[in-house]
Amino acid sequence: SQELEQSPQSLIVQEGKNLTINCTSSKTLYGLYWYKQKYGEGLIFLMMLQKGGEEKSHEKITAKLDEKKQQSSLHITASQPSHAGIYLCGAEPDTGRRALTFGSGTRLQVQP
Amino acid sequence: GAVVSQHPSRVICKSGTSVKIECRSLDFQATTMFWYRQFPKQSLMLMATSNEGSKATYEQGVEKDKFLINHASLTLSTLTVTSAHPEDSSFYICSARDYNFHNYEQYFGPGTRLTVT
């Protein structure tokens, strides 16, 4: 089965600083999703990457998928308190089943 | 955008009783829905795949007789936790994919927090 490892597990940054979260897969990724979750709430879709070398940006968040499609990074520029939460990467295995396997999550705190 | 709703958002029940959680796709049809469980400070774990008009597919280790799934229509899937015990207390989240295969986004519900006393 596919396993996703996220790092770091938790992160505390000062407001305005940049940060990167990594997601590494044990197998080649068919699709890689990034979600944000506030504790006890549902998931907010951020971005989906599918092609090797693909990079997408939304506001101050950029996600990349490496050429081999086994690692993705999420980069936040000039972090704000509103960026705080749990970031989850989810992988879609190349089986057509469409269910996602999730990484363990990265808990981000942004200090004003 | 597409929305998935869940009801109830929170439920407290006594040990031994059954609880039903509903997952609805509000503005699209979903032939497949997924049920996940999330324990505190842990990630989401897939429990089962709910297929409209057919039996659900359960992940290894998930008891199908305990977690009954019914997907009676293209917009509704229900998860019933039967004879609930305190260890079933968790955050249950459903997700659905748009009927249109080319829409890759998977929409998640807001979750249901179940507490079994």
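The rules behind these values
Once a new chain begins, its residue numbering starts again from 1 and follows that chain's sequence as written. Each chain is given a letter, starting from A, and each ligand a number, starting from 1, according to the order in which they appear as written. Where local features are concerned, this predicted model is filtered to residues with pLDDT of at least 70; where side-chain atom pairs are given and counted, the filter is 80 or more; whole-chain, interface and lining totals use all residues. Side-chain descriptors were evaluated using all non-hydrogen atoms of the structure, hydrogens and water having been removed beforehand. Should any heavy atoms of two residues lie within 4.5 Å, those residues are counted as being in contact. Put simply, buried area is the surface a 1.4 Å probe can reach on two separate parts but cannot reach once they are joined, added for both. Salt bridges, as used here, are contacts in which a Lys or Arg side-chain nitrogen is within 4 Å of a carboxyl oxygen on Asp or Glu. For this analysis, a polar contact is any N or O atom pair within 3.5 Å, provided that within protein one partner can donate a hydrogen and the other can accept it, and provided that sequence-adjacent residues contribute only side-chain to side-chain pairs. Numbering of helices and strands runs from the N terminus, with a helix taken as a DSSP run of H or I at least four residues long and a strand as a DSSP run of E at least two residues long. Three categories are distinguished: nonpolar for Ala, Val, Leu, Ile, Met, Phe, Trp, Tyr, Cys and Pro, charged for Asp, Glu, Lys and Arg, and polar for the others, with Gly belonging to the last. When a residue's accessible area, from a 1.4 Å probe over protein chains only, is under 20% of the maximum for its type it is buried; when over 50% it is exposed; and in between it is partly exposed. Should DSSP find at least two bridges between two strands, the strands are regarded as paired. Comment: axis = line fitted to C-alpha atoms, over the contacting stretch for helices; angle = value between 0 and 180 degrees taken between N-to-C directions.

Notes on the interface of chain A and chain B
Between chain A and chain B, the contact holds 21 residues from the first and 20 residues from the second. Regarding the contact of chain A and chain B, the summed buried area is about 1,800 Å², with carbon and sulfur atoms giving 53% of it. The tally of links from chain A across to chain B stands at zero salt bridges. Inspection of the chain A/chain B interface yields four residue pairs in polar contact (both at pLDDT 80 or more). The set of elements that each furnish at least two residues to the side of chain A that touches chain B consists of β4 (31-37), β5 (43-49) and β9 (85-92) of chain A. Here the side of chain A that touches chain B is composed, by residue class, of 10 nonpolar, five polar and six charged.

Points about the environment of B:W35
Among the secondary structure elements, B:W35 is positioned in strand β4 (residues 32-38). Taking the C-alpha atoms as reference, B:W35 lies 9.4 Å from B:T78; in sequence the two are 43 residues apart.

Looking at the side chain of B:H71
Residues and elements named next belong to chain B. Assignment of secondary structure puts H71 in strand β7 (residues 67-73). Overall, H71 belongs to the buried group, its relative accessible area being 5%. Side-chain polar atoms of H71 contact the backbone oxygen of S73, separated by 3.2 Å. Those residues within four positions of H71 in sequence are excluded, and the remaining contacts are A30, T31, T32, M33, S50, N51, E52, G53, L76 and S77.

Some words on the pairing of strand β6 (residues 55-58) of chain A
All names here are of chain A. Bridge analysis of β6 against strand β7 (residues 61-65) gives four bridges, and the strand direction is antiparallel. Of the residues in β7, the one forming a bridge with S57 is T62. The antiparallel pairing of β6 with β7 creates a hairpin that spans two residues between the two strands, and E59 there sits at a positive phi of about 55 degrees.

Digging into the sheet that holds strand β3 (residues 19-25) of chain B
Residues and elements named next belong to chain B. Read from one edge to the other, the open sheet built from four strands follows the order β1-β3-β8-β7, with strand pairing classed as antiparallel. Across the chains shown, the open sheet's two edge strands, defined by having one partner strand only, are β1 (4-7) and β7. On average, each strand axis in the sheet is tilted by 15 degrees relative to the strand beside it, whichever way the strands run. Where β1 meets β3, four bridges bridge the pair, whose relative direction is antiparallel. Bridge pairing in β3 links V4 to S25.

Concerning the pattern of salt bridges
In this structure the tally under the stated criterion is four salt bridges over all chains. Notably, a salt bridge pairs A:K56 with A:E54, separated by 3.7 Å at the nearest N-O pair. According to the relative accessible area criterion, A:K56 is partly exposed, its value standing at 24%. A salt bridge links B:D88 to B:K66; the nearest nitrogen and oxygen atoms lie 2.9 Å apart. Taken as a pair, B:D88 in the loop between β8 (76-81) and β9 (90-97) and B:K66 in the loop between β6 (57-58) and β7 lie far apart in primary sequence, 22 residues in all.

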